[in-house]
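Fold and contact review
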Amino acid sequence: MGPGNPADVRQAVRRALAGRPGEPTHDVEDTAGDALLVASELVTNAMLHGGGVTAFDVTRTERAVRLSVSDRSGRLPVAVDQFDEIGRMRVGGRGWMIVCTLASDVVVARLRAGGKRITAEVPLAPGPNG
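Everything in this summary refers to the structure shown in the same document. (Residues numbered from 1 in each chain as written. Predicted model: local features only at pLDDT ≥ 70, side-chain atom pairs only at ≥ 80, totals over all residues. Heavy atoms only, no water.)

1. A short note on the sheet that holds strand 3 (residues 105-110)
Strands pair in a sheet through their backbones, by hydrogen bonds, and they do so in one of two ways: parallel or antiparallel. Across the sheet, which stays open at both edges, the 4 strands sit in the order 1-2-4-3 with antiparallel pairing between neighbours. Unpaired on one side and paired on the other, strand 1 (53-60) and strand 3 mark the two borders of the sheet. Shown here is a sheet whose adjacent strand axes are inclined to one another by a mean of 10 degrees, direction ignored. Across the sheet, helix 1 (residues 6-18) lies against strand 1 and strand 2 (64-71), angled at about 15 degrees from strand 1, the strand it touches most. (Pairing = 2+ DSSP bridges. Helix = DSSP H or I, 4+ residues; strand = E, 2+ residues; numbered from the N terminus. Axes fitted to C-alpha atoms, helices over the stretch in contact; angles between N-to-C directions. Contact = heavy atoms within 4.5 Å.)

2. Looking at the layout of surface pockets
Roughly 440 Å³ of volume is contained in the largest pocket. Lining the largest pocket we find 24 residues, and of these Asn-45, His-49, Pro-77, Val-78 and Trp-96 sit closest to its centre. The element contributing the most residues to the lining of the largest pocket is helix 2 (residues 28-49), with 7 residues. (1 Å grid on protein atoms, 1.4 Å probe; cavity = no way out; pocket = protein on both sides within 12 Å on 5 of 7 lines; lining within 4 Å. Points joined across faces, edges and corners; volume = space filled by probe spheres on them.)

3. Notes on helix 3 (residues 95-102)
What helix 3 keeps buried is the set Gly-95, Trp-96 and Val-99. Down the axis of helix 3, the buried side of the element spans an arc of 100 degrees, and every buried residue falls inside it. (Buried < 20%, exposed > 50% of the residue type's maximum accessible area, 1.4 Å probe, protein only. Arc of directions from axis to C-beta.)

4. Focus: the pairing of strand 2
Along strand 2, 7 of the 8 residues are buried, which leaves the element largely enclosed by surrounding structure. Here strand 1 pairs with strand 2 via 7 bridges, running antiparallel. Paired with Asp-57 across the two strands is Ser-68, which belongs to strand 2. The antiparallel hairpin formed by strand 1 and strand 2 contains 3 residues in its connecting segment. Bridge count between strand 2 and strand 4 (residues 116-123): 8 bridges; the pairing is antiparallel. Across the sheet, Val-65 pairs through a bridge with Val-122, a residue of strand 4.

5. Describing the nonpolar core
Counting 26 residues, the largest nonpolar core has Val-13, Leu-42, Phe-56, Val-58 and Leu-67 as the members making the most contacts within it. Examining the composition of this core, we find that 8 residues originate from one element, helix 2, more than from any other. Apart from the residues lying within four places of it in its own chain, the contact partners of Val-13 are Ala-35, Leu-36, Ala-39, Phe-56, Val-58 and Leu-67. (Core = buried A, V, L, I, M, F, W, Y, C linked by side-chain atoms within 4.5 Å.)

6. With respect to the environment of Leu-124
For Leu-124, the position within the fold is in the segment after strand 4. Overall, Leu-124 belongs to the buried group, its relative accessible area being 11%. Once the C-alpha coordinates of Leu-124 and Val-65 are considered, the two residues, 59 residues apart in sequence, prove to be 6.8 Å apart.

Next comes the structure, spelled out in structure tokens:
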């Protein structure tokens, strides 16, 4: 999927979570919240700090939702302390921590043409029957 707006990204995540008949049952509500938040943080960070989203992809595996977001910046993401140098609480700056907390696996890869791709896997929550 090419770059889109946040609404497009949310729709793509929801479609991936809908699954196909015969696939294992998962608690879509629990997984959807985490996957939507991770997708939102990755896309927002690409827009604010990465020069814009150049590609977005979402796929569902048997055990996870895999989200990949590419941007134009080669600058790697960093966790920001919630307090500044004089002890005041910062506004924002927690997106990378959220991604790393909710995803079971996060990979940052520099792209040959420039920029980077961040891939995060959000585990599927088991459903009541499995």
